[in-house]
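Coordinates in review
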Amino acid sequence: MEKWSLMTVTVLLALTVRWAVSLGSYSGAGKPPMYGDYEAQRHWQEITYNLPIRQWYFNTSDNNLLYWGLDYPPLTAYHSFVCAYIAKLINPDWVALHTSRGYESQPHKLFMRTTVFVADLLVYIPAVILYCFSLKETSAKKKASTCALCILLYPGLILIDHGHFQYPLSLGLALWAVLCLSHDWDLLGSVAFCLALNYKQMELYHSLPFFCYLLGKCFKKGLKGKGLVLLAKLAGTVLLSFAACWLPFGTDVEQIMQVLRRLFPIDRGLFEACMFSSPTHCPDKVANIWCSLSVLIKIKNVISPRTQLKLSFAVTFLSLLPACIKLTVQPSLRGFKFALVSCALSFFLFSFQVHEKSILLVSVPVCLVINEIPFMATWFLLVSTFSLLPLLLKDGLLLPYAVTTPAFLAVCLAAFSILEKTSAEDLQLKAFSLSLKGYVSWFKSFPRIVRSLFLLSLSLMGALSVLSAAVPPPQHLPDLFPVAVAVVSCLHFLLFLVYFNVVILWDSKNRGQKKIS
């Protein structure tokens, strides 16, 4: 009973924070003609309820794809339809074809916010709770609730889901997949991840670690025996899961191709949201390598779209290859979780058509290892929230950002004493440090150096946050602070990518893992 009492308090606190954030503004509030992501979600409800399935992804007189056309997989469309059905029962005006465009009212805001709460309560929060209870390292009841509290109070996800406006379903389903794999329920885990991927195509960020981990298990079991049987079962499960999600579109090849064109708009170029036509002009600032480099080099002007795609693919593939090879050869749950972080970060930094919110696809896997590397995980989660600052300011979410971010840091300091967890062993770098022994003399001062860098990082992020919110930029550099936020965040992420790959490649013990047989 005690463990559930502590966890109940944790969940209630997490829900209270979400409710408080949801009282504020949302993406595009009162900003016609396109409004924002809130209107996009409402518009998809309008389209899916009023039009036949065959028109959902096609440009027609009733479905202008230039106005928030559906560009997510079928499961998102089905979810929009369910929400629309309920909305129609409450107030038909909310989803009326054409006339509901840009609809804004307090009752409708309450309804939309409630749908996000329900998604959180049914999918994401239960996955977090069960995951924390399943951790070997957190067998103590208090530890499990503490770990859950830190994960559930991560400000980036709260501000985007309950402030900006987004559903946590794909990330929640991915968490369920991780949870299933941690209990050796490989087929259920495969179904859960297929559902996540069919809700948002950005779950491709996590696809290679799932594939490599399960393939590695098959190799370990032997491809002439149990391993071959497992491989066949996994392949069948994936095919059936995709078939079920795409069944309404499967009768027409052109339907499938149109959906795929909407999901992967490669003709838009390397980055659409962040186009530096001048050194500081960027509508939405993404803290990845391409947008940061474009401050100096106009990549879109010197490289064709097709070449951009090939370059992006090559760099992304090479950056995630070491972690994937290691996971395939030595499959372990610990390696799998760290590979989720490393591969997702590689995708965010180097892949095609990245949105600033995609950093959440890295942050949630980082939350899964916060009990193992609390210092580095907390640092990363703070930087990831900071990288969203330009978007949050545009949505009027400065106050929630200014409250939730320090609160999260305070909780992590109290829960994990992170400033005391900076030794090479605490950072999972003991094997790496031993390999450098005798070559790097300053490694003895490593804990002090890391703490100093952390405090310097916090100071820099705090200063840029204050400047972005309170100081007008120079007239000839209108986007100075947002670009600075993007570049500083990108530099952090590059260093984190190196760190996580070092942890993965120098980990030969796979501590605390069950033997795969």
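These remarks concern the structure in this document. This is a predicted model, so every value here is computed, not measured.

1. Observations concerning the overall build of the chain
Tallying secondary structure elements over the chain gives 21 helices and zero strands in all. Computed over its C-alpha atoms, the radius of gyration of the chain comes to 23 Å, within 12% of the 24 Å expected for a compact globule of 517 residues. Overall size of the chain, expressed as C-alpha extent along the three principal axes, is 70 × 65 × 60 Å. When each of the 517 residues of the chain is scored for burial, the buried share is 54%. Put simply, 77% of the contacts in the chain that link residues at least 6 apart link residues at least 24 apart. If you sum the accessible surface of the chain, you get close to 22300 Å²; carbon and sulfur atoms cover 69% of it.

2. A look at a nonpolar patch on the surface
A grouping of Phe-81, Val-82, Tyr-85, Ile-86, Leu-89 and Ile-90 is seen on the molecular surface, where their side chains present a nonpolar patch of about 590 Å² in accessible area. Checked against the element boundaries, Val-82 lands in helix H3 (residues 74–90). Judged by its relative accessible area of 44%, Val-82 falls in the partly exposed class.

3. What to know about the pattern of salt bridges
Across all of its chains, the model carries ten salt bridges by this definition. With a closest N to O distance of 2.9 Å, Asp-120 and Arg-18 form a salt bridge. Of this pair, Asp-120 sits in helix H4 (residues 106–134) while Arg-18 sits in helix H1 (residues 2–22), and the two are 102 residues apart along the sequence. Arg-18 carries the same exposure label as Asp-120, and that label is buried. A salt bridge links Asp-507 to Arg-334, with the nearest nitrogen and oxygen atoms 2.6 Å apart. Taken together, the positions of Asp-507 in the segment after helix H21 (480–505) and Arg-334 in helix H14 (residues 333–350) put the pair 173 residues apart, joining distant regions of the chain. For Arg-334, a relative accessible area of 4% puts it in the buried group. Residues participating in the shared-partner salt-bridge network are Arg-334, Lys-337, Glu-372 and Asp-507.

4. Things to note about the nonpolar core
Formed by 118 residues in total, the largest nonpolar core has its most connected members in Phe-348, Phe-380 and Phe-493. In terms of residue count, H14 provides more of this core than any other element does, 13 residues in total. For Phe-380, the residues in contact, after removing those within four places along its chain, are Leu-345, Ile-359, Val-362, Ser-363, Val-366, Phe-493, Phe-496 and Phe-500. Counting residues in each nonpolar core, the second largest holds 34 residues, with Leu-51, Trp-56, Leu-75 and Phe-249 among its members.

5. Here's the deal with the packing of aromatic side chains
Applying the stated rule across the entire model yields 28 aromatic pairs. Between Trp-44 and Tyr-72, the aromatic rings sit 5.5 Å apart at their centres with planes inclined by 85°, giving edge-to-face as the arrangement. Of this pair, Trp-44 sits in helix H2 (residues 37–50) while Tyr-72 sits in the loop between H2 and H3, placing them 28 residues apart in sequence. A relative accessible area of 4% means that Trp-44 is categorised as buried. On the numbers, 4.2 Å between centres and 20° between planes, the contact of Phe-193 with Phe-210 is stacked. Placement of Phe-193 in helix H8 (residues 186–197) and of Phe-210 in helix H9 (residues 207–246) is noted, with a sequence separation of 17 residues between them. Across the pair, Phe-210 and Phe-193 agree in class, each one buried. Connected via pairs of aromatic rings, a cluster forms that spans Phe-338, Phe-348, Phe-375, Trp-379, Phe-380, Phe-454, Phe-493, Phe-496, Tyr-499 and Phe-500. We note Arg-101 situated over the ring of Tyr-67; from NZ or CZ to the ring centre the distance is 3.7 Å.

6. Things to note about the packing of helix H7 (residues 169–182) against H9
With their axes 12 Å apart at the nearest point, H7 and H9 run at an angle of 15° to one another. Accordingly, the angle class assigned to the pair H7 and H9 is roughly parallel. Relative to H9, the crossing made by H7 is left-handed. Every residue of H9 that contacts H7 at Ala-174, Ala-177, Val-178 and Leu-181 is listed here: Phe-210, Tyr-213 and Leu-214. Looking at the contact of H7 with H9 residue by residue, the class counts come to seven nonpolar, no polar and no charged.

7. Side note on the side chain of Ser-387
With respect to the helices, strands and loops of the structure, Ser-387 is situated in helix H16 (residues 374–387). Setting aside chain neighbours within four positions, we find Ser-387 in contact with Ala-287, Ile-359, Val-485, Ser-489 and Phe-493.

8. Some thoughts on unusual backbone geometry
Backbone torsion omega between Pro-32 and Pro-33 reads 10°, so that peptide bond is classified as cis. Inspection of the secondary structure puts Pro-33 in the loop between H1 and H2. Backbone geometry at Trp-68 places phi at a positive 50°, although glycine is not the residue there. Positionally, Trp-68 belongs in the loop between H2 and H3. On the accessibility criterion, Trp-68 (22% relative accessible area) is partly exposed. For His-98, which is not glycine, the phi torsion reads 75° and is therefore positive. Residue placement: His-98 occurs in the loop between H3 and H4.

So, how was this worked out
- Residues numbered from 1 in each chain as written.
- Predicted model: local features only at pLDDT ≥ 70, side-chain atom pairs only at ≥ 80, totals over all residues.
- Heavy atoms only, no water.
- Helix = DSSP H or I, 4+ residues; strand = E, 2+ residues; numbered from the N terminus.
- Rg over C-alpha atoms; globule rule 2.2 N^0.38 Å.
- Buried < 20%, exposed > 50% of the residue type's maximum accessible area, 1.4 Å probe, protein only.
- Contact = heavy atoms within 4.5 Å.
- Areas by Shrake-Rupley, 256 points an atom, 1.4 Å probe, with all protein chains shown as cover.
- Patch = residues over 30% accessible without salt bridge, like charges linked within 9 Å, V, L, I, M, F, W, Y side chains within 5 Å.
- Salt bridge = Lys/Arg side-chain N within 4 Å of Asp/Glu carboxyl O.
- Core = buried A, V, L, I, M, F, W, Y, C linked by side-chain atoms within 4.5 Å.
- Phe/Tyr/Trp six-rings, centres within 6.5 Å; stacked < 30°, edge-to-face > 60°.
- Lys NZ or Arg CZ within 6 Å of the ring centre and 35° of its normal.
- Axes fitted to C-alpha atoms, helices over the stretch in contact; angles between N-to-C directions.
- Parallel < 35°, antiparallel > 145°, perpendicular 65-115°, else oblique.
- Left-handed = near helix turned anticlockwise from the far one by under 90°.
- Nonpolar A, V, L, I, M, F, W, Y, C, P; charged D, E, K, R; others polar.

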